[in-house]
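# Coordinate analysis (summary)
Next come the chains, spelled out residue by residue.
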Amino acid sequence: METDVTEELLLVEEELQDVQEQIKVLLDRQEFLYKKQCELKAILEDCKEHDNAANDSISVEAQDWSGTFEWDSQAEDIRFNIFGISSYRANQRQIINAVMSGRDVLVIMAAGGGKSLCYQLPAILRDGITLIISPLLSLIQDQVMGLMALGIPAYMLTSTTSKDDEKFIYKALEKGDGDLKMLYVTPEKISKSKRFMSKLEKCHNAGRLALISIDEAHCCSQWGHDFRPDYKNLGILKIQFPRIPLIALTATATYKVQIDLMEMLHIPKCVKFISTVNRPNLFYKVQEKSSVGKVVIEQIAEYIRSSYCNKESGIIYCFSRKECEQVSKELREHGISADYYHADMDAVAREKVHLRWSNSKLQVIVGTVAFGMGINKPDVRFVIHHSLSKSMETYYQESGRAGRDGLPSECVLYYKPSDVPRQSSMVFYENSGLQNLYDIVRYCQSKRNCRRHAFFRHFGEQLQDCNGMCDNCAYGAELVEIDATYHAKVIVSLLKEMQNCEQRATMLQLVDKLKMKMKELGASSKAIPDLKKEQLEQLIIHLLLDHVLKEEFQHTAYATNAYVTIGSLWKQALEGKRTFKLEICVGQKQKDEERLKVTKRSRSSTLETQLDELRMEIACSHGGIFPHAVLSTQHLGLLSTQKPTSIEELEKVIGKVKSEKYGWRIVELIRQHLKSEESNGEATNIVEGNENGGIKKKRKDKCTVNIDSD
Ligand SMILES: Nc1ncnc2c1ncn2[C@@H]1O[C@H](COP(=O)(O)OP(=O)(O)OP(=O)(O)O)[C@@H](O)[C@H]1O
Ligand SMILES: [Mg+2]
């Protein structure tokens, strides 16, 4: 009798424990939902307020920013002849028109979308000085150097500014002396320098303050991913200079961040331009990662060698500082020009690596997340993630550093399930850290769904066509489905047993135990296939995402360990109420040829390579400006197909300013190229000189346009 009661008591206690666990899961969920509910209610309130505000100014809001404006032809002239940009990208023209009309503007445009032009062009068009606030010295230096190279009087007032320049700037602000069009400062200048603010005030009172631009504006908001306390004080600008148009720009801002920005910067009636998060030129791919480190490096090195033999620039993101150093060392051993960048290095060493890479003297930078916002290089052709990022948002931003010039580029994420616990033990204490991580894990585990669609869903945007620009759309893997319901059951029962003995297991330990258990059970038949280690890991992750399992964490003196235990829905698996399928890749259709077809724009001729070398040489001899400030990669492509041989022809491709500055070197190189082509008998062209020193070309090849300079 007593034993019966004891047994029943045990059962009841077990069930109670079970119920308590489920309650805990539900309470966690409840707390999460309450938080979400509060956030959504706040947003709804803001929406109502903004709708009311918008109704007040409905006549102005209805303005068509793509219409005709008095500054149109002057703007076109500056766009082409100064910036060398042949046409506007989406929203650029409308934004410029809104700013020129004196409106406050909020711009949300993906990385590389061309936000700088949206304030730099009006800055040239408008009379007076434009003040630009940017968070990082390196970003400011890049911008000022690029603008100076175009002959635009742009300056910065930072800790690195010389006394003479400082004097010049203050005089220009106070008295209107000297030629100053754009002034870059960090937010600290606004919040900490009374002297600067008083000079700015004088500039404004004399009617010489034309425009205020706040770049990387998400730094204002605590809800953004890169909050900077000094950005919080920028609200003062609109209070002190209410009539000066203000443009705030950022690559990503959730609705909550947008509302926050408008409030903090005091621009409630701003015109908002929100562009898509889509980066159509980026090819997204998830690559199965070997569990052997050396194999991964070999694969990455081979990928870079074969796909980017012209030393096109790339970034590799690693999980830890140690891994960065290791990966870059091993890549060098494989003949890849690579170096590392992380927060443990001193600022000078970091800057040196960054500069070598920006000048294309180093092909690959291997960095941690510390290698972030300051990256301004437009021609990054590939971003490889050696391990997965901590969220979809971080991955979007990190991978988005590829292809800022709009040309085809690749984003490859090397994924293996055993990388998940490494990340989860870092993020579990963050607000929604695990949920965010599991979102990107879902992205990695998916072998069928469009990668691009995952981004649209994440950012709450309507789905757009991928155009075959992700691995799953371009060459879907050949998959077989394996029924892993039995394995799931064994996993749960194993973990239950361990729980009863107060034992725990990491994912790797669980896989080992599982392999032994399956052997014991004699489970290796057609119905119950023998799964490999990686496949079992994949299944465990699948069960984690489905709440059948969950992760638990324990701090030790050296690290935080992640353990796998049973999750809220463990019973469904144990009782076989749910089937679990595992998708296994058995091959990929024409893998690399397909990828290369969609992403590679092979260099059409040696001319493009020669032009690339020339732009580097010119960059060096012009005070170390960046090669892309001399000619963009798009320019290289255009020049090598159009082959202009006179300054007049060249102006039609790269605009007047660049032609005047670097034109003869470029024209000379193209002429030499045409001559050597002719003497090698490679070309079918007849090339002859004309009296202007230009070269008349009669071409048979289809990609060349006939332009005669006389
Ligand atoms: N209309 C255009 N046509 C061709 N290239 C353009 C155009 N507009 C801008 N670009 C080029 O695109 C690249 C990225 O522009 P920009 O630096 O302004 O991007 P961004 O939106 O500020 O990106 P990020 O968020 O990364 O700072 C630059 O090389 C720029 O010259
Ligand atoms: Mg920018």
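This is a predicted model, so every value here is computed, not measured. (Residues numbered from 1 in each chain as written. Chains lettered and ligands numbered in written order. Predicted model: local features only at pLDDT ≥ 70, side-chain atom pairs only at ≥ 80, totals over all residues. Heavy atoms only, no water.)

### Some thoughts on the packing of aromatic side chains
Test applied: Here is the rule: rings of Phe, Tyr and Trp (six-membered ring for Trp) pair when centre to centre is within 6.5 Å. Planes less than 30 degrees apart are stacked, more than 60 are edge-to-face, and the remainder are tilted. In this scheme, a residue with accessible area under 20% of its type's maximum is buried, one over 50% is exposed, and one in between is partly exposed, where area comes from a 1.4 Å probe on protein chains only.
In total, this model carries 17 aromatic pairs according to the counting rule given. Between Phe 69 and Trp 71, the aromatic rings sit 5.1 Å apart at their centres with planes inclined by 20°, giving stacked as the arrangement. You'll find Phe 69 and Trp 71 in the same group, each marked buried. Three or more aromatic residues joined by ring pairs form one cluster here, namely Tyr 284, Tyr 395, Tyr 396, Tyr 443, Phe 455 and Phe 459.

### Overview of the confidence of the model for the protein
The test is simple: On a range of 0 to 100, pLDDT expresses the predictor's confidence in each residue. Contacts are assigned to residue pairs that have any heavy atoms within 4.5 Å of one another.
Mean pLDDT over the protein: 86, with 88% of residues reaching 70 or higher. Confidence drops under pLDDT 50 across residues 683-710; counting only partners more than four residues distant or on other chains, this segment forms 60 contacts. Across the predicted assembly, pTM comes out at 0.81 and ipTM at 0.99.

### Notes on the side chain of Lys 115
For clarity, the threshold we go by: To qualify as a helix, a DSSP run of H or I must reach at least 4 residues; to qualify as a strand, a run of E must reach at least 2; elements of each kind are numbered from the N terminus. Note on charges: Lys and Arg go in the positive column, Asp and Glu in the negative column, and His and the chain ends are not counted at all. Salt bridge, as used here: a side-chain nitrogen of Lys or Arg that lies within 4 Å of a carboxyl oxygen of Asp or Glu.
One can find Lys 115 in helix H5 (residues 115-125). An unpaired buried charge is present at Lys 115: no salt bridge exists, and Asp 215, the closest side chain of opposite charge, is 6.3 Å distant. Leaving out residues up to four positions away in the same chain, Lys 115 has contacts with Val 107, Met 109, Ala 110, Leu 249, Thr 250 and Ala 251.

### Side note on the nonpolar core
This is how the line gets drawn: Put simply, buried Ala, Val, Leu, Ile, Met, Phe, Trp, Tyr and Cys residues joined by side-chain atoms within 4.5 Å make one nonpolar core.
Ranked by internal contacts, the top residues of the largest apolar core, which has 73 residues, are Ile 315, Tyr 415, Ile 440, Tyr 443, Ile 491 and Leu 549. The contact partners of Leu 549, leaving out residues within four places of it in the chain, are Ile 491, Val 492, Leu 495, Ile 540, Leu 543, Leu 544, Val 564, Thr 565, Ile 566 and Gly 567.

### Considerations on the environment of Lys 163
As for its placement among the helices and strands, Lys 163 is situated in helix H7 (residues 163-175). Along the backbone, Lys 163 and Glu 263 are 100 residues apart, and their C-alpha atoms lie at a distance of 37 Å.

### Here's the deal with helix H11 (residues 255-264)
The element H11 is largely enclosed, with a buried count of seven among its 10 residues. His 266 lies just past H11 and shows a positive phi near 60°.

### Description of the site of ligand 1
Condition: To be near a molecule or strand, a residue needs just one of its heavy atoms within 4 Å of it. Pairing of N or O atoms within 3.5 Å defines a polar contact, subject to two protein rules: one partner must be a possible hydrogen donor and the other a possible acceptor, and residues neighboring in sequence count only if both atoms are side-chain atoms. The Shrake-Rupley method, run with a 1.4 Å probe, gives the accessible areas here. Residue values count only the displayed protein chains as cover. Each residue gets one of three labels, nonpolar for Ala, Val, Leu, Ile, Met, Phe, Trp, Tyr, Cys and Pro, charged for Asp, Glu, Lys and Arg, and polar for the others, Gly among them.
In the region of ligand 1, 17 residues are neighbours, and Ser 87, Gly 112, Lys 115, Ser 116 and Arg 404 sit closest. Gln 92 places a polar side-chain atom, nitrogen or oxygen, 2.9 Å from a nitrogen atom of ligand 1. Between an oxygen atom of ligand 1 and a main-chain N or O atom of Gly 112, the distance comes to 2.7 Å. Within the complex, the protein chains bury 82% of what would otherwise be the 640 Å² of accessible surface of ligand 1. For the shell around ligand 1, the residue count by class is six nonpolar, seven polar and four charged.

### So, the pairing of strand S3 (residues 154-157)
What counts, and what does not: Looking down the strands as they point away from the viewer, one classifies a crossover as right-handed if the path from the first strand across the helix to the second runs clockwise.
The alternating pattern of S3 places Ala 154 and Met 156 and Tyr 155 and Leu 157 on opposite faces, both of which are buried. Each parallel crossover has a hand, and the one from S3 via H7 to strand S4 (residues 182-185) is right-handed.

### Observations regarding the pairing of strand S9 (residues 313-317)
Applied cut-off: Two strands are counted as paired when DSSP detects at least two bridges linking them.
For S9, a buried count of five out of five residues is recorded, marking the element as mostly surrounded by other parts of the structure. Along S9, one buried face is formed by Ser 313, Ile 315 and Tyr 317 and the opposite face, lined by Gly 314 and Ile 316, is buried too. Sheet analysis places S9 next to strand S12 (residues 380-385), joined by five bridges and oriented parallel. Looking at the pairing, Tyr 317 lines up with His 385 of S12. One ladder, built from four bridges, connects S9 with strand S11 (residues 364-367); its direction is parallel. Bridge pairing in S11 links Ile 315 to Ile 365.

### Things to note about the pattern of salt bridges
With the rule as written, the count across this model stands at 33 salt bridges. Between Lys 329 and Glu 333 there is a salt bridge, with the nearest N and O atoms lying 3.6 Å from each other. Of this pair, Lys 329 and Glu 333 both sit in helix H13 (residues 321-333), four residues apart, roughly one helical turn. For Glu 333, a relative accessible area of 57% gives the class exposed. A salt bridge links Glu 552 to Arg 504; the shortest N-O distance between them is 3.2 Å. On the criterion of sequence distance, the pair formed by Glu 552 in strand S15 (residues 549-555) and Arg 504 in the loop between helix H20 (485-500) and helix H21 (507-520) is long-range, its members being 48 residues apart. The class of Arg 504 is partly exposed, set by a relative accessible area of 35%. Taken together, the salt bridges that share partners define one network made up of Lys 289, Glu 323, Lys 416, Asp 419 and Arg 422.

### Describing unusual backbone geometry
One non-glycine residue, Lys 311, lies in the positive phi region at around 60°. Residue placement: Lys 311 occurs in the loop between helix H12 (293-307) and S9. The backbone of Ser 360 sits at a positive phi, close to 60°, despite the residue not being glycine. Note that Ser 360 resides in the loop between helix H14 (347-358) and S11. Ser 360 gets classed as partly exposed once you look at its relative accessible area, which sits at 25%.

### A look at the packing of helix H25 (residues 606-621) against helix H27 (residues 633-642)
When two helices pack together, their arrangement is given by the angle between the helix axes and by the axis-to-axis distance. Our working rule: Here the axes come from fitting lines to C-alpha atoms, over the contacting stretch only for helices, and the angles between their N-to-C directions go from 0 to 180 degrees. Throughout this description, any angle smaller than 35 degrees is read as roughly parallel, any larger than 145 degrees as roughly antiparallel, any in the 65 to 115 degree range as roughly perpendicular, and the remainder as oblique. By definition, any crossing whose near helix is turned counterclockwise from its far helix by less than a right angle is left-handed, and any crossing with a clockwise turn is right-handed.
Where H25 meets H27, the axes come as close as 9 Å, and the angle between the chain directions of the two elements is 135°. When the axis of H25 is compared with that of H27, the two are oblique. Judged by the twist between their axes, the crossing of H25 over H27 is right-handed. Listed contacts from H27 to Leu 607, Glu 608, Leu 611, Asp 612 and Arg 615 of H25 are Thr 633, Leu 636, Gly 637, Leu 639 and Ser 640.

### Examining the domain arrangement of the protein
Where we set the bar: Domain limits in this description derive from either an automatic procedure or a database domain assignment.
The domain boundaries assigned to the protein delineate domain 1 (71-274), domain 2 (282-475), domain 3 (481-585) and domain 4 (602-675). The C-alpha centroid of domain 4 is placed 31 Å from the C-alpha centroid of domain 2. Where Arg 615 meets Asp 379, a salt bridge forms, and the shortest distance between an N and an O atom there is 3.3 Å. Where domain 2 packs against domain 4, one counts two residue pairs in polar contact (both at pLDDT 80 or more). The residue makeup of the side of domain 2 that touches domain 4, split by class, is three nonpolar, five polar and five charged.

### What about the sheet that holds strand S13 (residues 409-415)?
A sheet is described by the order of its strands in space; here six strands give the open sequence S8-S13-S12-S9-S11-S10, paired in parallel fashion. Each having just a single partner strand, strand S8 (282-288) and strand S10 (338-341) make up the two edges of the open sheet. Taken over all neighbouring pairs, the strand axes of this sheet differ in orientation by 20° on average, direction set aside. Along the sheet, helix H17 (residues 433-445) contacts S8 and S13; its crossing angle with S13, the most-contacted strand, is approximately 100°.

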